[in-house]
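Chain and residue survey
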Amino acid sequence: SALPLLLLLVLLRAERPRGAELTFELPDSARQCFHEDVERGARFSLDYQVITGGHYDVDCYVEDPLGNTIYRETKKQYDSFTHQAEVKGVYQFCFSNEFSTFSHKTIYFDFQVGDEPPILPDMGNRVTALTQMESACVTIHEALKTVIDSQTHYRLREAQDRARAEDLNSRVSYWSVGETVALFVVSFSQVLLLKSFFTEKRAGPRALHS
């Protein structure tokens, strides 16, 4: 009974890289920027994906503290970028929807700074094999990371598919309403046309002969 509790405590103490994970709405003809302080030599990564809106594309760029553009992509649906900071300071990454005049976008991004520390404090300097409990901790930790990544992936796919289904449903509804109106107009026109064929023209007044 003590072993599962110990495993849980070790897993809870495991640190994750510093960063941010966010889903936000980007209006049309707009740009949204985020900032993160990064130490020199630290490795950071940016993963992003457009969930809803337009053609599911967005412009993205990353600038270092000196204003140099170290990453730039246009009209991407999703992408990943990894970089090792050469300068200490505030790095800026921006998403731009300025090329779109009417489509709002919903964007997800995950920005992580630094490498994940080992789950065990002296794991990198050990010369002996891991104990059974330590091996179990590492295995469970890796499995949990895989589960978290899978859940994030499926959550994004579900949100994207739901948005597409709702958009398709609205289009089908509007098309159905349009077809119904057109059907009534055509039917009414045909009734009037057939009625004009079978309506007898009234004869004009005849002159009386004496």
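Residues numbered from 1 in each chain as written. Predicted model: local features only at pLDDT ≥ 70, side-chain atom pairs only at ≥ 80, totals over all residues. Heavy atoms only, no water.

Time to look at the sheet that holds strand S7 (residues 89-96). Sheet strands pair by backbone hydrogen bonding; their relative direction is either parallel or antiparallel. Strand order in the open sheet made by the four strands is S2-S7-S4-S5, with antiparallel pairing throughout. Each end of this open sheet is capped by a strand with a single partner; those strands are strand S2 (31-38) and strand S5 (69-76). Averaged over all pairs of adjacent strands, the angle between their axes in this sheet comes to 10 degrees, without regard to strand direction. In the sheet, S2 pairs with S7 via eight bridges, with the strands oriented antiparallel. Its bridge partner lying in S7, Glu 36 is registered against Tyr 91. (Pairing = 2+ DSSP bridges. Helix = DSSP H or I, 4+ residues; strand = E, 2+ residues; numbered from the N terminus. Axes fitted to C-alpha atoms, helices over the stretch in contact; angles between N-to-C directions.)

Bringing the confidence of the model for the protein chain into the picture now. Looking at the protein chain as a whole, the pLDDT averages 81, with 79% of positions reaching at least 70. At the level of individual helices and strands, the protein chain shows its lowest average pLDDT in helix H1 (residues 2-13), which scores 48, and its highest in strand S4 (residues 58-63), which scores 96. (pLDDT = per-residue confidence, 0-100.)

In this fold, Asp 59 is placed in strand S4. For the buried residue Asp 59, which engages in no salt bridge, the nearest side chain bearing the opposite charge is Arg 72, 6.8 Å off. From its side chain, Asp 59 meets the backbone nitrogen of Lys 75 in a polar contact 2.7 Å long. The contact partners of Asp 59, leaving out residues within four places of it in the chain, are Glu 73, Thr 74, Lys 75, Cys 94, Phe 95, Ser 96 and Phe 99. (Buried < 20%, exposed > 50% of the residue type's maximum accessible area, 1.4 Å probe, protein only. Lys, Arg positive; Asp, Glu negative; His and termini not counted. Salt bridge = Lys/Arg side-chain N within 4 Å of Asp/Glu carboxyl O. Polar contact = N/O pair within 3.5 Å; in protein donor to acceptor, adjacent residues only side chain to side chain. Contact = heavy atoms within 4.5 Å.)

With that out of the way, let us pick up the side chain of Asn 97. Considering the arrangement of structural elements, one finds Asn 97 in the loop between S7 and strand S8 (105-113). Since its relative accessible area comes to 0%, Asn 97 is described here as buried. Contacts of Asn 97, omitting those with residues within four sequence positions, involve Leu 26, Pro 27, Asp 28, Ser 29, Ala 30, Ser 103, His 104 and Lys 105.

Our next topic: the pattern of salt bridges. Scanning the model with the defined rule gives five salt bridges in all. For Lys 88, the salt bridge goes to Glu 39, with nearest N and O atoms at 3.7 Å. Of this pair, Lys 88 sits in the loop between strand S6 (78-84) and S7 while Glu 39 sits in the loop between S2 and strand S3 (43-52); the two residues are 49 residues apart in sequence, bridging distant segments of the chain. Lys 88 gets classed as exposed once you look at its relative accessible area, which sits at 53%. With relative accessibility at 42%, the residue Glu 39 sits in the partly exposed group. A salt bridge links Arg 171 to Asp 167; its shortest N-O distance comes to 3.3 Å. Taken together, the positions of Arg 171 and Asp 167, both in helix H2 (residues 132-198) and four residues apart, correspond to about one turn of that helix.

A few words on the state of the cysteines. Going through the model one piece at a time under the given rule, you end up with one disulfide. Here Cys 33 pairs with Cys 94 through a disulfide, and the sulfurs are 2.0 Å apart. Residues Cys 33 and Cys 94 share a disulfide whose torsion about the S-S bond is about 110 degrees; that sign makes it right-handed. With Cys 33 in strand S2 and Cys 94 in strand S7, this residue pair connects regions lying 61 residues apart in the sequence. Assessed through its relative accessible area of 22%, Cys 33 is described here as partly exposed. Free cysteine Cys 60: the closest other cysteine sulfur is in Cys 94, separated by 8.0 Å. Exposure remark for Cys 60: the relative accessible area of 1% places this residue in the buried category. (Disulfide = S-S within 2.5 Å.)

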